[in-house]
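Summary of structural features
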Amino acid sequence: MPRPTTRACYISFRQVHIANVPTASSHNTEPNNLLNKLRVLSNRGHLQEALSIFYTQTQTQTQTQNHQTYATLFHACARHRSLHEGISLHYHMLSHNLTNPFDLFVTNHLINMYCKFGYVDYAHHLFDEMPNRNLVSWTALISGYAQEGRADECFLLFSSMLVEYYPNEFAVASVLSSCFGERGRQVHALVLKLALDSCVYVANALITMYSKSTSFGCMYNDDKDEAWSLFKTMQVRNLVSWNSMVAGFQIRGLGTQAMNLFTQMHREGTGFDRATLLSVFSSLYGSESNGNKQVDDEMSSSLKFCFQLHCLTIKTGFISEIEITTALVKSYFDIGGDIGNCYRIFMETSTSHRDIVSWTSIITALAERDPEEALFLFCQLRREDLIPDWYTFSIALKACAGLVTERHAMAVHSQVIKAGFEGDTVLANALIHAYARCGNIALTKQVFDEMVFRDLVSWNSMLKAHALHGKAREALQLFWQMNLQPDPTTFVALLSACSHAELVDEGIIIFDSMVGKYGIVPQLDHYACMVDILGRSGRVLGAAELINRMPMKPDSVVWSTLLGSCRKHGKTSLAKLAADKLKELEPGNSLGYVQMSNIYSSGGNFNKAGLIRNEMKGSSVRKEPGLSWVEIGNQVHEFASGGRCHPEREVIFRQLEGFVGKLKEIGYVPETSLALHDIEEEQKEEQLYCHSEKLALTFAVMNERSLCYGGRVIRINKNIRICVDCHNFIKLASDMLKKEIVVRDANRFHHFKGGVCSCNDYW
């Protein structure tokens with residue numbers, strides 16, 4: 001079939017009025033007036049009024065004039081997102097135009113309308129039934145598939161069109177938006193052949209296509225960046241060109257390049273819009289590391305740039321737009337800025353402009369750093385009659401997991417059910433995580449068992465829950481029941497469970513099966529778990545050999561894990577190596593100093609222990625203070641070592657003194673040797689009694705009527721690992737008090753009941 005010479009077809013709905021020109025005939029005046037009136041009404045947003053007038057007067061119009069009017073109204077329905085009105089109008093047209101229902105001009109508008117609403121399959125049905133098609137018909141349907149992200153169908157349709165027509169710039173840009181890689185290069189070759197590369201609309205689409213074709217976070221090479229090369233060679237650029245390039249850097253994690261390009265835009269006076277700012281804000285956390293460049297320096301640079309952007313949005317008035325405010329809050333949070341800035345920006349936003357997205361953004365920012373405040377804002381959101389969506393609920397549950405209070409998790413869970421999201425898989429996964437972090441493995445398992453559909457995150461979350469609570473056998477049994485292909489996260493959970501339960505052989509078998517059976521290459525987390533499995537069981541030299549065989553450089557987690565095993569089994573020389581490596585990687589981390597001081601003290605070498613403590617002081621490194629929390633009623637009480645800050649300190653210590661006496665009668669013997677190295681300068685037995693978890697337990701017993709479950713369960717959270725003396729103390733206390741005591745430390749949960757701990761003293 002010969003190709004038409006026409007290159008594009010443009011549809012314009014502008015009416016040109018010329019005064020004093022006589023009409024062709026008087027009987028056409030009324031239809032033209034009706035069409036003009038409908039155009040004016042629909043352009044002003046009065047679509048319902050326009051449709052009402054049309055339905056009452058349509059019987060007086062001729063067939064041709066009706067088709068033009070239908071096209072105008074279909075276009076208006078698409079523009080105003082009025083699907084119901086568009087379908088009704090389509091039905092009206094079919095019932096009133098039985099003789100010629102497939103007018104080319106009208107059907108093109110119909111295809112465009114249904115594509116705009118996402119009904120691409122029905123649009124394709126209309127397309128297939130058309131007796132005649134033009135370039136607009138093909139382009140409208142190609143654009144529809146592209147907008148829906150159906151890349152294969154879009155590319156196939158575009159290829160079919162080439163048999164009949166040369167594409168215009170709109171068809172090319174649409175297909176480019178849905179493809180990348182080899183397909184994108186093929187379209188680019190066609191663009192060059194048809195000389196469409198000079199069209200700025202097409203060039204912008206090519207920049208986006210090549211940006212999407214590059215992997216996130218890959219090593220950047222300016223000379224090999226095809227998107228950047230295209231951008232530099234463009235003779236004419238518009239704002240979309242600059243935005244496409246900024247967004248292209250952003251989606252590849254090239255934050256530094258995105259920020260530099262925006263700086264160039266601002267310096268050259270190119271201007272910017274909302275899209276520019278949103279891309280730049282999203283780029284701030286993506287500034288890549290180069291060699292040994294310190295992350296802190298990068299964060300400081302990004303934070304400074306974010307502050308400058310903040311000032312610019314205020315100066316230009318963009319700060320009043322809720323999308324910009326939301327992006328700004330998220331940026332401050334992502335790059336470690338002052339959480340107070342995030343909160344202040346949010347509070348300065350007009351109440352009428354705060355939508356569910358902005359509320360969710362500030363709740364997300366606070367969920368990790370201040371979960372209590374995040375939950376307060378979630379409650380405030382409800383009081384302002386905003387309806388949370390599934391994502392807002394998931395963030396609220398994340399805050400519950402951070403606050404580790406079961407009461408809040410159950411409250412949000414009830415709202416999830418009330419809102420009709422009970423069957424949502426994402427929220428069920430969030431509930432599994434929240435209940436596991438709050439210490440209730442029974443509710444965790446109940447949520448998992450009641451799930452209708454489980455994805456890989458569901459299985460992994462339940463495996464992590466079992467590992468966190470020391471239920472390794474249950475984790476292994478669950479793994480054999482999985483009906484999905486495991487991923488690296490699955491094996492981290494399994495190996496972690498084995499390390500907490502002395503399942504050495506099982507852990508080795510699982511580790512070996514990763515490559516051999518599942519084709520998963522072990523990463524740092526997997527090696528750290530294996531070092532822990534071998535080291536805890538006494539195979540410290542085997543753990544060290546594994547580190548030497550690692551295909552990647554060990555990180556601080558690997559060395560700190562080996563250091564802990566060396567302390568447990570008295571391997572001083574190997575411990576010194578691990579401590580030196582740890583101090584090299586994390587100079588500000590006190591763990592290397594504290595562990596070596598403890599090891600020397602345990603071996604009776606107090607001189608070297610003292611030298612280590614002096615070295616630590618000289619390096620201005622401070623040990624993280626031990627803190628414990630217990631919830632009494634609706635209030636969370638915090639205890640530091642010595643209980644110096646608690647208002648009821650004296651009463652607590654008097655109660656604790658009697659408590660210790662009773663425990664000694666049933667076999668409690670203080671581990672006084674620990675006082676030499678677990679707590680600096682503490683050498684007396686009584687100083688062990690000041691540990692924060694003992695104070696928290698005593699206070700909970702004093703207020704048992706205000707505890708959950710009628711005081712049958714005491715839940716204590718701790719920021720660092722529980723010491724041997726406190727472990728023995730609480731184990732005996734659970735038997736004497738006839739209560740279950742759940743302690744969550746930095747590593748795992750310990751469930752004490754009847755004088756026994758769930759860890760079986762293997763920790």
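Structure: see above.
Small disclaimer: the values here were computed from a predicted structure and weren't measured. Residue numbers restart at each chain and count upward from 1, following the sequence in its written direction. Since the coordinates come from a predicted model, pLDDT governs what is reported: local features require at least 70, and pairs of side-chain atoms require 80 or more to be given and counted, while whole-chain, interface and lining totals use all residues. No hydrogens and no water enter the side-chain calculation; it runs on all heavy atoms of the structure.

What to know about the overall build of the chain
Let me state the cut-off plainly: Put simply, DSSP marks the helices as runs of H or I at least four residues long and the strands as runs of E at least two long, and each gets a number from the N terminus on. Remark: exposure states derive from per-residue accessible area (1.4 Å probe, protein chains only) relative to the maximum for the residue type, with buried under 20%, exposed over 50%, and partly exposed in between. Throughout, a residue-residue contact means that at least one pair of heavy atoms, one from each residue, lies within 4.5 Å. Every accessible area reported is derived by Shrake-Rupley at a probe size of 1.4 Å, with residue values counting cover from the shown protein chains alone.
Looking only at helices and strands, the chain has 37 helices and 6 strands in total. Expressed as a percentage of its 763 residues, the buried residues of the chain come to 48%. Taking the intrachain contacts of the chain between residues at least 6 apart in sequence as the baseline, contacts between residues at least 24 apart amount to 64%. As presented, the chain carries roughly 37500 Å² of accessible surface, and 53% of it is formed by carbon and sulfur atoms.

Here's the deal with the environment of Lys232
Here Lys232 shows up in helix H12 (residues 226-233). The exposure class assigned to Lys232 is partly exposed, which follows from its relative accessible area of 43%. Leaving out residues up to four positions away in the same chain, Lys232 has contacts with Asp222 and Arg237.

Remarks on a nonpolar patch on the surface
Put simply, the rule reads: Only residues whose relative accessible area exceeds 30% and that form no salt bridge enter a patch; like-charged residues are grouped when within 9 Å of one another, and nonpolar side chains (Val, Leu, Ile, Met, Phe, Trp, Tyr) when within 5 Å. Any carboxyl oxygen of Asp or Glu that lies within 4 Å of a side-chain nitrogen of Lys or Arg is treated as forming a salt bridge with it.
On the surface, a nonpolar cluster with roughly 280 Å² of combined accessible area is contributed by Trp390, Tyr391 and Val426. Among the secondary structure elements, Trp390 is positioned in helix H21 (residues 390-403).

Examining the nonpolar core
We count it as follows: Here, nonpolar core refers to any group of buried Ala, Val, Leu, Ile, Met, Phe, Trp, Tyr and Cys residues whose side-chain atoms link them within 4.5 Å.
Residues Ile111, Leu141, Phe262, Val412 and Leu562 are the most contacted members of the largest nonpolar core, which totals 189 residues. Of all hydrophobic cores here, the second largest spans 31 residues; its members include Tyr668, Tyr689, Ala733 and Cys757.

Focus: the pattern of salt bridges
Any two side chains of opposite charge can pair, so long as their charged atoms come close to each other. Here the structure, examined in full by the defined rule, presents 23 salt bridges. With a shortest N-O distance of 3.9 Å, Arg274 and Glu323 are connected by a salt bridge. Taken together, the positions of Arg274 in helix H15 (residues 274-283) and Glu323 in helix H17 (residues 322-334) put the pair 49 residues apart, joining distant regions of the chain. We note a salt bridge from Glu615 to Lys583, for which the minimum N-O separation is 3.6 Å. Of this pair, Glu615 sits in helix H34 (residues 606-618) while Lys583 sits in helix H32 (residues 572-585), and the two are 32 residues apart along the sequence. Its relative accessible area of 35% is what places Glu615 among the partly exposed residues. Residue class for Lys583 comes out buried when judged on its relative accessible area of 15%. A network of salt bridges, in which partner residues are shared, links Lys576, Asp580, Lys583 and Glu615.

Remarks on the packing of aromatic side chains
The condition is simple: Here a pair means two rings of Phe, Tyr or Trp (six-membered ring of Trp) with centres within 6.5 Å. Their orientation is stacked below 30 degrees between planes, edge-to-face above 60, and tilted elsewhere.
By the definition in use, this model includes 24 aromatic pairs. Measuring from ring centre to ring centre gives 5.7 Å for Trp228 and Phe249, while their planes differ by 45°; the resulting arrangement is tilted. Linking Trp228 in helix H12 with Phe249 in helix H13 (residues 239-251), this pair joins segments that are 21 residues apart in sequence. The pair Trp228 / Phe249 is uniform in exposure class, with both members buried. Geometrically, the ring pair formed by Phe272 and Phe318 is tilted, given 5.8 Å between the ring centres and 35° between the ring planes. Of this pair, Phe272 sits in the loop between helix H14 (255-268) and H15 while Phe318 is found in the loop between helix H16 (295-316) and H17, placing the two residues 46 residues apart along the sequence. Exposure remark for Phe272: the relative accessible area of 17% places this residue in the buried category.

Focus: the sheet that holds strand E3 (residues 713-718)
Each strand in a sheet pairs with another by means of backbone hydrogen bonds, the pair being arranged parallel or else antiparallel. Worth spelling out the cut-off: Two strands make a pair as long as DSSP finds a minimum of two bridges between them.
In spatial order, the strands read E2-E1-E3-E4-E5-E6; together these 6 strands make up an open sheet with mixed pairing. The strands lining the two open edges of the sheet, one partner per strand, are strand E2 (635-640) and strand E6 (756-757).

Focus: the packing of H17 against helix H19 (residues 356-369)
The condition is simple: Axis definition: a line fitted to C-alpha atoms, over the contacting stretch in the case of helices. Angles run 0 to 180 degrees between N-to-C directions. Each angle is binned into one of four classes, with values under 35 degrees roughly parallel, values over 145 roughly antiparallel, values of 65 to 115 roughly perpendicular, and all other values oblique. Side-chain classes are defined by residue name, with Ala, Val, Leu, Ile, Met, Phe, Trp, Tyr, Cys and Pro counting as nonpolar, Asp, Glu, Lys and Arg as charged, and the others, Gly among them, as polar.
Relative orientation of the contacting elements H17 and H19 amounts to 10°, with a least axis distance of 9 Å. Judged by the angle between their axes, H17 and H19 are roughly parallel. Counted together, Ile322, Thr326, Val329, Lys330, Tyr332 and Phe333 of H17 and Val357, Ser358, Ser361, Ile362, Thr364, Ala365, Glu368 and Arg369 of H19 form the full contact between these two elements. Its residues assigned to classes, the contact of H17 with H19 shows 7 nonpolar, 4 polar and 3 charged.

A short note on helix H20 (residues 371-383)
Cut-off, in case you're wondering: Any helix carries an expected span of 1.5 Å times its number of residues minus one. To obtain the arc, one takes the directions from the helix axis to the C-beta atoms.
A rise of 1.5 Å per residue sets the reference length of H20, with its 13 residues, at 18 Å; its end C-alpha atoms lie 19 Å apart and thus fit the reference within 8%. Listed as buried for H20 are Pro371, Ala374, Leu375, Leu377, Phe378 and Leu381. With its buried residues spanning 160° around the axis, H20 presents them on a single face. Every exposed residue of H20 that faces more than 90 degrees away from the buried side is listed here: Glu372 and Arg383. Taken together, the buried residues of H20 touch helix H18 (339-348), H19, H21 and helix H22 (406-418). In the segment just after H20, Asp385 is the residue with positive phi, at about 65°.

Some details on the environment of His266
By the secondary structure assignment, His266 is in helix H14. On the basis of relative accessible area, His266 is assigned to the partly exposed category, the value being 46%. Leaving out residues up to four positions away in the same chain, His266 has contacts with Phe272 and Leu312.

Focus: the side chain of Thr444
Within the element layout of this structure, Thr444 appears in helix H24 (residues 441-449). Sequence-distant contacts of Thr444, defined by excluding residues within four places in its chain, comprise Ile432, Tyr435, Ala436, Met462 and Ala465.

Observations regarding the packing of H17 against H18
To characterise two packed helices, one gives the angle between the axes of the helices and the distance between these axes. Where H17 contacts H18, the two axes come as close as 8 Å, and the packing angle between them is 170°. Judged by the inter-axis angle, H17 sits roughly antiparallel to H18. Along its contact with H17, which presents Thr325, Leu328, Val329, Tyr332 and Phe333, the element H18 presents Ile339, Asn341, Cys342, Ile345 and Phe346. Looking at the contact of H17 with H18 residue by residue, the classes come out as 8 nonpolar, 2 polar and no charged.

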